[in-house]
Amino acid sequence: MGETYGDLRHLAKVRDCANALVGLDVHALNEMYARVAATIGAPPAAHGGGPSDEQTDAAARRKPTGDATKETTSAEGATNEKPAGATTKEKTVDRVFSPFEVACLDIRGKAAGVPVSDLLGGRVRDAVPYSAYLFYKWAGHPGEEPDRFGAALDEAGIVRQAKLLIDEYGFQSIKLKGGVYPPDQEISAIRALHEAFPGVPLRLDPNAAWTVQTSIRVGRELDGALQYLEDPTPGIEGMGEVAAAVPMPLATNMCVVAPEHFPPAMAARSIGVLLLDHHYWGGLVRSSHVAAMCDAFGLSMSMHSNSHLGISLAAMTHLAAATPNLTFACDTHTPWQDGQDVVAPGALRFENGAVPVPTAPGLGVELDRDALAVMNEQYEKCGIRKRDDTSYMRRFDPSFTAKRPRW
C-alpha cells in the first residue's frame, strides 16, 4: 500500500503512470522511476521534491478554520530563477513515484518477512516521537456543529488544545501553526505555552507570513522559548538574513524542497533543520538520500506532515526509525483525523507521544476495506476535488487575500 495526495489532477497522473508500471518487478525502482518520468514527460534522471498541486494555497494558515488539518506547504523564492515550490515536471515525478515506491517496499518487506525499516538499513530507534500539532481554529466550520476540539482563537484556547492532545497522546513536544494572527498575538501564545508546559520543546511555524524584519523581532523576543522557528519568511535569501540574526535555528519544508536548493541554502546558512517528507521527496529510499545530504551539511532533521492517514504514518515511522540523524520529534496530523482511518486498528498506536515501530513484515499495517468504503463515500458526496483554501476563506471574509509576507 501507498498513500498520496487527493487532488484530482495529481490522481490523474498517478493513474496514467500506473498503467505504465504493469509487469515491472517490485525491485526495479530505477526503471519504475524512469517510466513515471517518461509518462509525465520529464527527463528520466530528474529528481525534485516539492508541494503537491493542492498544497499551493496558503489561506488556511492565515485565518482560523474549523478544519484543523488544513496545512499547506507551498514554497517561495528558493532560487533566483523560480520559486522553490513551483510545479515542474521534475517535482511531479517524485510526487507520483512516491506512493508506488512505498507500496513496492511494503511488498518486498512482506515477501522477505521483514519490516520496511529493515529495508532502509535497520531501525536505530524502537519508537518514533511525534509532536502535538496546534492550530488556531473556530469551534467548527461556520454553520456547522462544534467539533470535539473546540475553539482555539486566543492564548487560553491554544493552551487548552495542547492539554487535550498531550493528555490523549502523551506528546512531549509542541508545534503551533502560526501566521494566522498578528505576530504579537502569536508571541503571547508561545509564552503561554512555555508557562503552561515548562521544559516542553516548542516550535512555531508561520508559513513565511512575516517579513525579514518581523521574523528577526519575533525570533529575538522568543529567545529561550523556541526549539526552532520554522519558515518565518519566504525564500532562501530571506531565511539566511533571519538565521544570522536570531538565537534559535531555522527549520524549513518550504525553501529547501529539492536537491538543487541545498547549495544556495548552505551558502546562505539559511537553515539548521530540514523537515523531510517522503511524499514529495520521491519516496522512502530517496528520502534517505536527502538525510545523507543533511548529515553531510550538518543539518538536523524533523519530518513534515500534511493531512495523512495510517498508511503514511506507518511509512513515516519506518523512515524516521531508520534515519539516525532525524532526531527532532516529527509532525503528525493523526489526532485531527479524530479516529477515522483506512488501516485496521492495533498496528499503530501512540505511547508517550511516540509510535512504536511496527515489526510485522512490510509496513506492518493492513487495509480496513469497510473503513475505506466509508471514507470513499464521504469523498464522493463532498464534491471537493481540488484544494482551494482562498475561496473557502472568502466565503466568510470576502476581503481575504493569501498575500505573503503578511506582516
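Before any of the text, the structure's been laid out above.
Here goes a summary of the coordinates provided. Source: prediction; values computed, not measured.

Focus: the overall build of the chain
The number of helices and strands found in the chain is 14 helices and 9 strands. When burial is assessed residue by residue, the chain has 57% of its 407 residues classed as buried. Expressed as a percentage of contacts within the chain between residues at least 6 apart in sequence, the contacts between residues at least 24 apart total 74%. For the chain, the accessible area works out to roughly 15800 Å², and carbon and sulfur atoms hold 52% of it.

Concerning the environment of Trp210
The topology assignment puts Trp210 in the loop between β4 (202-205) and α7 (212-221). Separated by 197 residues in the primary sequence, Trp210 and Trp407 place their C-alpha atoms 4.9 Å from one another. Beyond its immediate stretch of four places on either side in the chain, Trp210 contacts Pro183, Glu186, Leu204, Ser215, Val218, Leu229, Pro232, Thr233, Pro234, Pro405 and Trp407.

Let's talk about the nonpolar core
Counting 85 residues, the largest nonpolar core has Tyr130, Leu134, Ile174, Ile190, Leu193 and Leu222 as the members making the most contacts within it. The leading source of residues in this core is helix α12 (residues 310-321), at 8 residues. Formed by 16 residues, the second largest nonpolar core is a distinct cluster that contains Ala42, Phe97, Phe100 and Cys104.

Looking at the packing of aromatic side chains
In this structure the tally under the stated criterion is 15 aromatic pairs. Each ring, one from Tyr136 and one from Tyr181, has its centre 4.9 Å from the other, and the planes form 90°; the classification is edge-to-face. Within this pair, whereas Tyr136 is found in the loop between β2 (132-135) and α5 (155-169), its partner Tyr181 is found in the loop between β3 (174-177) and α6 (183-196), the two being separated by 45 residues in sequence. The class for Tyr136 is buried, based on a relative accessible area of 4%.

Let's talk about the sheet that holds strand β7 (residues 273-276)
Reading across the sheet, the 7 strands line up as β2-β3-β4-β5-β6-β7-β8 and stay open at both edges, with parallel pairing between neighbours. Two strands bound the open sheet, and with one partner strand each, they are β2 and β8 (300-303). Pairwise comparison of adjacent strand axes, ignoring direction, gives a mean angle of 25° for this sheet. Here strand β6 (residues 250-252) runs beside β7; their pairing, made up of 2 bridges, is parallel. The partner of Thr252 across the bridge, within β7, is Leu274. Here α6 sits on the sheet and contacts β2, β3 and β4; the angle it forms with β4, its principal contact strand, is near 165°.

Quick notes on the packing of α7 against helix α8 (residues 236-243)
For the pair α7 and α8, the least separation of the axes is 9 Å and the interaxial angle reads 35°. Both α7 and α8 take part in a crossing whose hand is right-handed. Along its contact with α7, which presents Val212, Ser215 and Ile216, the element α8 presents Gly238, Glu241 and Val242. Among the residues forming the contact of α7 with α8, the class breakdown is 3 nonpolar, 2 polar and 1 charged.

Considering the side chain of Ser117
Inspection of the secondary structure assignment puts Ser117 in helix α4 (residues 116-119). Those residues in contact with Ser117, other than ones at most four positions away along the chain, are Gly122, Arg123, His318, Ala322 and Val357.

What about the packing of helix α1 (residues 8-21) against helix α2 (residues 29-40)?
In contact at an axis separation of 9 Å, α1 and α2 are set at 130° when each is read in the N-to-C sense. Classified by the angle between their axes, α1 and α2 sit oblique to one another. Seen from above, α1 lies across α2 with right-handed handedness. Across from Asp16, Cys17, Ala20 and Leu21 in α1, the residues of α2 making contact are Met32, Arg35, Val36, Thr39 and Ile40. Along the lines of polarity and charge, the residues of the contact of α1 with α2 split into 6 nonpolar, 1 polar and 2 charged.

Observations concerning α12
For α12, which comprises 12 residues, the first-to-last C-alpha distance of 16 Å matches the rise-based estimate of 16 Å (1.5 Å per residue) to within 8%. Where burial is concerned, most of α12 is hidden: 12 out of the 12 residues are buried. Among the residues of α12, those classed as buried are Gly310, Ile311, Ser312, Leu313, Ala314, Ala315, Met316, Thr317, His318, Leu319, Ala320 and Ala321.

Looking at the pattern of salt bridges
Pairing between side chains becomes possible if they bear opposite charge and their charged atoms approach one another. As enumerated under the stated definition, the model contains 19 salt bridges in all. Across the salt bridge formed by Glu221 and Arg191, the nearest N and O atoms sit 3.6 Å from each other. With a gap of 30 residues between them, Glu221 in helix α7 and Arg191 in helix α6 connect regions that are remote in the sequence. The exposure class assigned to Arg191 is partly exposed, which follows from its relative accessible area of 43%. Linking Arg217 and Glu221 is a salt bridge whose minimum nitrogen-to-oxygen distance equals 2.9 Å. Within this pair, Arg217 and its partner Glu221 are both found in helix α7, separated by 4 residues, close to a single helical turn. Among the charged side chains, a network of salt bridges with common partners joins Lys175, Lys177, Arg203, Asp205, Glu230 and Asp331.

Focus: the environment of Glu3
By the element assignment, Glu3 lies in the segment before α1. The exposure class of Glu3 is buried, given its relative accessible area of 15%. Between the C-alpha atom of Glu3 and that of Ile311, which follows or precedes it by 308 residues, the distance is 6.1 Å. The residues contacting Glu3, other than those within four sequence positions of it, are Pro99, His279, His308, Leu309, Gly310, Ile311 and Ser312. One polar contact links the side chain of Glu3 to the main-chain amide nitrogen of Leu309, over a distance of 2.7 Å. At a separation of 2.9 Å, a polar atom in the side chain of Glu3 contacts the main-chain amide nitrogen of Ser312.

The rules behind each value
Residues numbered from 1 in each chain as written. Predicted model: local features only at pLDDT ≥ 70, side-chain atom pairs only at ≥ 80, totals over all residues. Heavy atoms only, no water. Helix = DSSP H or I, 4+ residues; strand = E, 2+ residues; numbered from the N terminus. Buried < 20%, exposed > 50% of the residue type's maximum accessible area, 1.4 Å probe, protein only. Contact = heavy atoms within 4.5 Å. Areas by Shrake-Rupley, 256 points an atom, 1.4 Å probe, with all protein chains shown as cover. Core = buried A, V, L, I, M, F, W, Y, C linked by side-chain atoms within 4.5 Å. Phe/Tyr/Trp six-rings, centres within 6.5 Å; stacked < 30°, edge-to-face > 60°. Pairing = 2+ DSSP bridges. Axes fitted to C-alpha atoms, helices over the stretch in contact; angles between N-to-C directions. Left-handed = near helix turned anticlockwise from the far one by under 90°. Nonpolar A, V, L, I, M, F, W, Y, C, P; charged D, E, K, R; others polar. Parallel < 35°, antiparallel > 145°, perpendicular 65-115°, else oblique. Expected span 1.5 Å × (residues − 1). Salt bridge = Lys/Arg side-chain N within 4 Å of Asp/Glu carboxyl O. Polar contact = N/O pair within 3.5 Å; in protein donor to acceptor, adjacent residues only side chain to side chain.

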